[in-house]
Amino acid sequence: MATAASATLITVAPTGAEHAKADVPQLPTTLDELVETARTCETAGAALIHLHIRDDEHRPTLDGGHLRAAVEAIRSETDLIVQLSTGGSVHDPLDQRLTVLDAEPDSCSLTCGTTNFGDDVFLNPWGFMSDLYVRAQEREVVPEFELFELGHVHALRRLLDTHGLPFGGKVHVDFVLGVPGAMPGTAAALMTGVAMLPDEVTSWSATGIGRTHLPVLAAALSAGGHLRVGMEDNVVFARGQQVQHNSELVARAAVLATTMQRPPMSTAQARELLGIKPRP
Ligand code: KMH
Ligand code: ZN
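Notes on the structure in this doc start here. (Residues numbered from 1 in each chain as written. Chains lettered and ligands numbered in written order. Predicted model: local features only at pLDDT ≥ 70, side-chain atom pairs only at ≥ 80, totals over all residues. Heavy atoms only, no water.)

Some points on the environment of A17
Formally: Numbering of helices and strands runs from the N terminus; a helix is a DSSP stretch of H or I covering at least four residues, while a strand is a stretch of E covering at least two. Buried residues are those whose accessible area, probed at 1.4 Å on protein chains only, stays under 20% of the maximum for their type, while exposed residues exceed 50% and partly exposed ones sit between those limits.
Topologically, A17 is positioned in the loop between β1 (10–12) and α1 (31–44). With a relative accessible area of 12%, A17 lands in the buried category. Separated by 43 residues in sequence, A17 and P60 have C-alpha atoms that sit 5.5 Å apart.

The structure is reproduced here in structure tokens:
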């Protein structure tokens, strides 16, 4: 397993499925806003975008037309790796979540088990994980394994044992810490998870939800991990100061990574790290 890297993969998760546009008007929800966000965040140092799509009323949607339009628009305007969320919102049915791959993203998220999610439950039973994994292999989409709980690390072991390596041969995981009811956003929890990773894991990143954003970012950087930032996970830049644009979070992560002598990775380096197919 690679324990340190000389450059940092910065992922931006600009929107998510949880915040309402009415509460956070600066949340990018329209196609134009997403494309502008993607462009600006690429300039600020991001190499991968983790996308949730909203409908014309700014509500989360898994509609194939919306997903495909977003993938195509961001590909035509940026060189970012496009990752679609298969987690969607806690209300999305499992069978619909499987259809996300029809939009032909470079990458997809794949959460390695069910977890508490605030007052809700984010459902990821074994059968769903397994089907999604095999479909991603068949369609040559590279999964990013989302780990919200330490048990998810063990479930990843089961996926690899059952189905072998993902398309591209690399195994990249993303720790999501600090979701209420799930793994806490602490350096200790992150380090425990990293210590449990299967040998096949070639890289890892981490993100902390809400007020755990900065502690998790600092812990990940100091331990040789990569970073995910964005308004999906955190809408507060500093005490009393809301995030106005996702690029603020990317730019701060880029400065911290550069200070730590691990500057942001280019999109080409990120493709190699993750085993993503080159653009046609
Ligand atoms: N919105 C959460 C219920 C993912 O993108 O794969 C799930 C989530 C994970 O955001
Ligand atoms: Zn997500």
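Past the structure itself, the notes keep going.
Focus on the site of ligand 1
Put simply, the rule is: The rule for a residue being near a molecule or strand is that one of its heavy atoms must lie within 4 Å of it. In the analysis that follows, any N or O atom pair within 3.5 Å is treated as a polar contact, provided that within protein one partner can donate a hydrogen and the other can accept it, and provided that, for residues neighboring in sequence, both atoms belong to side chains. All accessible areas in this document rest on Shrake-Rupley with a 1.4 Å probe, and a residue is counted as covered only by the protein chains that are shown. Residues are sorted three ways: Asp, Glu, Lys and Arg are charged, Ala, Val, Leu, Ile, Met, Phe, Trp, Tyr, Cys and Pro are nonpolar, and all the rest, Gly among them, are polar.
Every residue close to ligand 1 is listed here: E18, H50, H52, S85, G87, G88, V90, S109, T111, F117, F122 and E232. H50 is positioned such that a nitrogen or oxygen atom in its side chain is 3.0 Å from an oxygen atom of ligand 1. In the model, an oxygen atom of ligand 1 is placed 3.3 Å from a nitrogen or oxygen of the G87 main chain. Relative to its unbound accessible surface of 300 Å², ligand 1 loses 97% to contact with the protein. For the shell around ligand 1, a count of residues per class yields three nonpolar, seven polar and two charged.

Overview of the pattern of salt bridges
Charged atoms that come close allow side chains of opposite charge to pair. We count it as follows: Put simply, a salt bridge is a Lys or Arg side-chain nitrogen that is within 4 Å of an Asp or Glu carboxyl oxygen.
Under the counting rule described, the total for this entry stands at 15 salt bridges. As a salt-bridge pair, E200 and R157 come within 2.8 Å of each other at their nearest N and O atoms. Of the two residues, E200 sits in the loop between α6 (187–196) and β11 (203–208) while R157 sits in helix α5 (residues 150–163), which places them 43 residues apart along the sequence. Residue classification places E200 among the partly exposed positions, given a relative accessible area of 29%. Salt bridges linked by common partners bring E146, D174, R228, E232 and D233 together as one network.

Quick word on the sheet that holds strand β10 (residues 172–177)
Applied cut-off: Paired strands, in this sense, are two strands between which DSSP finds at least two bridges. Structural elements are reduced to axes, namely lines fitted to C-alpha atoms, with helices fitted over the stretch in contact, and the angle between N-to-C directions of any two is expressed from 0 to 180 degrees. We call two residues in contact whenever any of their non-hydrogen atoms come within 4.5 Å of each other.
Sheet architecture is closed into a barrel: eight strands sit in the order β1-β2-β5-β6-β9-β10-β11-β12, paired in parallel fashion. Neighbour to neighbour, the strand axes of the sheet diverge by 30° on average, direction disregarded. Strand direction decides the pairing type here: strand β5 (residues 81–84) and strand β6 (residues 107–111), joined by two bridges, are parallel. Paired with L84 across the strands is C108, a residue of β6. Those strands touched by helix α9 (residues 267–274) are β2 (48–51), β5, β9 (142–147), β10, β11 and β12 (226–229), and its axis lies near 50° from that of β5.

With respect to the pairing of β2
In β2, alternate side chains face the same way, and those of L48 and H50 on one face and I49 and L51 on the other are all buried. The pairing of β1 with β2 spans two bridges and is classified as parallel. Bridging from a neighbouring strand, V12 pairs with I49 of β2. Bridge count for β2 against β5 is four bridges, and the pairing is parallel. The residue bridging H50 from the neighbouring strand is Q83, located in β5.

What about the nonpolar core?
Here is the rule: What is meant by a nonpolar core is a set of buried Ala, Val, Leu, Ile, Met, Phe, Trp, Tyr and Cys residues, joined one to another through side-chain atoms within 4.5 Å.
With 69 residues, the main nonpolar core has V173 and F175 as its most contacted residues. Each residue touching V173, except ones within four places of it in the same chain, is listed here: F145, L147, L156, L197, V201, S203, W204 and S205. Ranked by size, the runner-up nonpolar core spans eleven residues in total, among them A47, L48, I81 and A270.

Quick word on helix α7 (residues 213–222)
Three or more residues of α7 are buried, namely H213, V216, L217, A219, A220 and L221. Of the residues trailing α7, G224 is marked for its positive phi of about 85°.

Some points on the packing of aromatic side chains
Here the distance between the centres and the angle between the planes together describe a pair of aromatic rings. Let me state the cut-off plainly: Working definition: a ring pair exists when centres of Phe, Tyr or Trp rings (six-membered ring for Trp) sit within 6.5 Å. Plane angles under 30 degrees give stacked, over 60 give edge-to-face, the rest tilted. Here, a charge over a ring means that NZ of Lys or CZ of Arg falls within 6 Å of the ring centre while also lying within 35 degrees of the ring normal.
Under the criterion given, the structure shown has five aromatic pairs. Ring centres 5.7 Å apart and planes at 70° place the aromatic pair F122 and F148 in the edge-to-face group. Of this pair, F122 sits in strand β8 (residues 120–122) while F148 sits in the loop between β9 and α5, and the two are 26 residues apart along the sequence. A relative accessible area of 8% means that F148 is categorised as buried. Three or more aromatic residues joined by ring pairs form one cluster here, namely F117, F122 and F148. The positively charged end of R252 is found above the aromatic ring belonging to F237, 3.9 Å away from the centroid.

So, the packing of α1 against helix α8 (residues 246–259)
Helix packing geometry: the angle between the two helix axes and the distance between the axes. Basically, it comes down to this: Working definition: roughly parallel below 35 degrees, roughly antiparallel above 145 degrees, roughly perpendicular at 65 to 115 degrees, and oblique for all remaining angles. Crossings are classed by handedness, with left-handed meaning an anticlockwise turn of the near helix from the far one by less than a right angle and right-handed meaning a clockwise turn.
Between α1 and α8, the shortest axis-to-axis distance is 8 Å and the interhelical angle comes to 15°. Classed by the angle they form, the pair α1 and α8 counts as roughly parallel. Considering only the axes of α1 and α8, their crossing is right-handed. Each of T37, T40, C41 and A44 in α1 lies in contact with α8, whose residues at this interface are N246, S247, V250, A251 and A254.

Some remarks on the coordination of the zinc ion (ligand 2)
For clarity, the cut-off: Coordinating donors are taken as N, O and S atoms within 2.8 Å of the metal, stretched to 3.2 Å for Na, K and Ca; because water is absent from the atoms, sites can appear incomplete.
Every protein donor of the zinc ion (ligand 2) is listed here as H50 (NE2), H52 (NE2) and E232 (OE), and their distances to the metal cover 2.1 Å. Counting gaps between the donor residues of the zinc ion (ligand 2) yields the pattern H-x1-H-x179-E. A residue pair is termed long-range when its members are at least 10 positions apart, and H52 in the loop between β2 and β3 (53–54) and E232 in the loop between β12 and β13 (236–238) qualify at 180 residues. One exposure class covers both H52 and E232, and it is buried.

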